[in-house]
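Descriptive structure summary
Chain by chain, the residues:
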Amino acid sequence: MGANELLASIEDVGRTPGGGYTRLAWDPATMALREWFAGEALALGLDLVEDGNGNQFAWWGHGPDALLVGSHLDSVPEGGPLDGPLGVASALAAVGALKASGWAPSRPLAVANFTDEEGGRFGIACLGSRLATGAIAPGTALGLRDEDGTSLAEAMQAQGRDPRAAGPADWLADVKYYVELHVEQGRWLAPHGAAVGVASAIWPHGRYRFEFCGQGNHAGATAMADRHDPMLAYAATVLAARELASASGQRATLGRLRVEPGSTNSIPSRVTAWLDARASDQGELEALVAGITARAEAAAAADGTTVALTPESVTGAVEFDHALRHRLAGLLDAPVLATGAGHDAGILAARLPTAMLFVRNPTGVSHAPQESATPQDIDEGVAALTRVIEELG
Ligand code: GLV
Ligand code: MN
Ligand code: MN
């Protein structure tokens, strides 16, 4: 099956009334997608293996020096159809076409579905690849809790997995290269007239939790001058994030918020807000977060409230393997571009040569229902990935 057909076959899974997709780690939608992946692997005569973290692999041969291609099937809440599934569907389509043509790899080859790339449920992105590479300790990851208070360990157990098996994975020692195809996030390829690009680097980025605390009180009975409302320092922080990131050419977003007690007629007692910050280098990232924090603290002090910052995950800059990326850019005659988005390929890059192919996104929108690629560009992406597999496999 081609990648367009494969994507069409999962277009109803995790679909939301707003036309987007909510496919969170270990939820019914991603469980259905795991079954789908297993079925497609079987149909191609591949051997399905799942590691202790829930990462799935469909192997064509086994042994050392393997080539891994793939991506992830989970999404952010209300995400688009392609961030993740495009890479998995393209890898399955490329392997299927190569098998049908009679081509055989000279090294073991596997299609990967990494679990919980987006961190949409437990808050930390790339949990599957971080656990497999040892970038996060199993105890830390398994103790993370979702909005309902369910821990990762409990979520895995509920789906019949043994959380004690989570952690550094054996397959890593057998992999020579990982190549991830992904829908472009941002709009660079369209104005450059290219359907496919090769990644150069990922910006350093992090997720940080701000807790603003004040005095809960009556919305009608408390004079404005007597309030210690933590929402005000939160609001000042949102404005500071925009101002400081814009002034320095970096990125800062507050996209998730919890207000307690969350009552229209009560002044909040606590506001928890998550900052996503990304920058062109580590120094810029640190300066940006420090600047936003200083403004948050000043605003809280002025209101008689408090603020505390906890970094939840910080990922350093990734430079994709130079030799591999030049080889693939030359092979495909494709332009090279950096990205502000995080990926499992960025986590695996610390352990082995990895590369990424981006498929043109005409709107540039991602993490939202409007995320798109044309059927023709999807086919071009599969053709490019097929050439890469022939070259490296
Ligand atoms: C994942 O898509 C991220 O960049 O957060
Ligand atoms: Mn994403
Ligand atoms: Mn992705």
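A brief structural summary. From a predicted model like this one, the values you see are computed outputs, not experimental measurements.

Within soluble globular proteins, side chains that are nonpolar tend to cluster in buried spots. Counting residues in each nonpolar core, the largest one holds 49 residues, and the members touching the most others are Val 69, Val 179, Leu 357, Leu 385 and Ile 389. Examining the composition of this core, we find that nine residues originate from one element, helix 3 (residues 85-101), more than from any other. Formed by 25 residues, the second largest nonpolar core is a distinct cluster that contains Tyr 178, Ala 199, Phe 320 and Phe 358.

Another point: the site of ligand 1. The immediate surroundings of ligand 1 are formed by Asp 83, Glu 118, Arg 207, Arg 278, Ala 341, Gly 342 and His 367. Taking Glu 118, its side chain carries an N or O atom lying 3.1 Å from an oxygen atom of ligand 1. Gly 342 has a polar backbone atom sitting 2.7 Å from an oxygen atom of ligand 1. When ligand 1 sits alone it has 190 Å² of accessible area, and the protein chains cover 94% of it.

For the rest of this paragraph, the subject is the coordination of the manganese ion (ligand 2). Protein-derived ligands of the manganese ion (ligand 2) are Asp 83 (OD), Glu 118 (OE), Glu 118 (OE) and His 367 (NE2), with the metal-ligand distances lying across 2.0 to 2.7 Å. Metal-to-metal, the separation of the manganese ion (ligand 2) and the manganese ion (ligand 3) is 3.7 Å; Asp 83 coordinates the two. One end of the pair, Asp 83, is in the loop between strand 3 (66-72) and helix 3; the other, His 367, is in the loop between strand 15 (354-359) and helix 11 (375-392), with 284 residues separating them in the sequence. Overall, Asp 83 belongs to the buried group, its relative accessible area being 5%.

Another aspect to go through is the pairing of strand 4 (residues 109-114). With six of its six residues buried, strand 4 lies for the most part within the structure. As paired elements, strand 2 (residues 56-60) and strand 4 share five bridges and run antiparallel to each other. Bridge pairing in strand 4 links Ala 58 to Val 111. Sheet topology places strand 3 next to strand 4; six bridges connect them, and they run parallel. By the bridge assignment, His 72 is partnered in strand 4 with Phe 114.

Conventions used here
Sequence order as written defines residue numbering, which begins from 1 separately in each chain. A letter from A marks each chain and a number from 1 marks each ligand, given out in the order of writing. In view of the model being predicted, local features appear only for residues whose pLDDT reaches at least 70, and side-chain atom pairs are presented and counted only at 80 or more, with totals across whole chains, interfaces and linings using the full set of residues. Side-chain calculation: all heavy atoms of the structure are included, whereas hydrogens and water are not. By nonpolar core we mean a set of buried residues, namely Ala, Val, Leu, Ile, Met, Phe, Trp, Tyr and Cys, connected to one another through side-chain atoms within 4.5 Å. Relative accessibility under 20% of the residue-type maximum defines a buried residue, over 50% an exposed one, and the middle range a partly exposed one, all with a 1.4 Å probe and only protein chains included. Numbering of helices and strands runs from the N terminus; a helix is a DSSP stretch of H or I covering at least four residues, while a strand is a stretch of E covering at least two. Whether a residue is near a molecule or strand depends on its heavy atoms: if one lies within 4 Å, it is near. Polar contacts here mean pairs of N or O atoms no more than 3.5 Å apart (in protein, one a potential hydrogen donor and the other a potential acceptor; neighbouring residues in sequence count only if both atoms are side-chain atoms). Only the protein chains shown count as cover for residues, with accessible areas throughout obtained via the Shrake-Rupley method and a probe of 1.4 Å. For Na, K and Ca the donor cutoff is 3.2 Å, while for all other metals N, O and S atoms must lie within 2.8 Å; water is not among the atoms, so some sites may look incomplete. Here the rule is simple: two strands pair whenever DSSP picks up at least two bridges between them.

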